[in-house]
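Breakdown of the fold
These are the residues of each chain, in order.
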Amino acid sequence: MQVPIGDGAEKTAAQQEEARREFIAELWRRYEALQEWAVSHWPDQQHPLSSADFVEARKEILSLRSPAGSLNQPAQNDEAEPEQGGAQYQDVTPAPWP
């Protein structure tokens, strides 16, 4: 893997987005291969693995597609930080189901 150095190292937003999409596509391809290998090589044949055992990991990978990134990462926005007069507390607890 090459690390860009020097003045040409800056990427445009479009290039960064394309690189991010390529990374996610490659990650998904490799994860699918890993899942297939895990299912076929699982040693406990009495309790075999299925694709349902991998749902949460797939959700995390797919969440990388969203502009805000992973669901566990806070969204980056233009709100002021607390020391700049912004909110001291932001409630991120999801509302219960109706």
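Everything in this summary refers to the structure shown in the same document. (Residues numbered from 1 in each chain as written. Predicted model: local features only at pLDDT ≥ 70, side-chain atom pairs only at ≥ 80, totals over all residues. Heavy atoms only, no water.)

Remarks on helix α1 (residues 13–41)
In this model, α1 (29 residues) spans 41 Å end to end at C-alpha, consistent with the 42 Å of a helix rising 1.5 Å per residue. Among all positions of α1, only Ile24, Tyr31, Gln35 and Ala38 are buried. (Helix = DSSP H or I, 4+ residues; strand = E, 2+ residues; numbered from the N terminus. Expected span 1.5 Å × (residues − 1). Buried < 20%, exposed > 50% of the residue type's maximum accessible area, 1.4 Å probe, protein only.)

Quick notes on the packing of aromatic side chains
Here the structure, examined in full by the defined rule, presents one aromatic pair. Between Tyr31 and Phe54, the aromatic rings sit 6.3 Å apart at their centres with planes inclined by 75°, giving edge-to-face as the arrangement. One end of the pair, Tyr31, is in helix α1; the other, Phe54, is in the loop between α1 and α2 (55–63), and 23 residues separate them in sequence. Summarising the burial analysis for this pair, Tyr31 and Phe54 share the class buried. (Phe/Tyr/Trp six-rings, centres within 6.5 Å; stacked < 30°, edge-to-face > 60°.)

Considerations on α2
Residues of α2 that are buried: Arg58, Ile61 and Ser63. Looking at the buried side of α2, the elements it contacts are α1. (Contact = heavy atoms within 4.5 Å.)

Description of the pattern of salt bridges
Throughout the structure, instances matching the rule amount to five salt bridges. Across the salt bridge formed by Glu56 and Lys59, the nearest N and O atoms sit 3.3 Å from each other. Here Glu56 and its partner Lys59 are both found in helix α2, three residues apart, which amounts to about one turn of the helix. Taking relative accessible area as the criterion, Glu56 reaches 53% and is therefore assigned exposed. Using a relative accessible area of 46% as the deciding quantity, one classes Lys59 as partly exposed. The network of salt bridges with common partners includes Glu17, Arg20 and Arg21. (Salt bridge = Lys/Arg side-chain N within 4 Å of Asp/Glu carboxyl O.)

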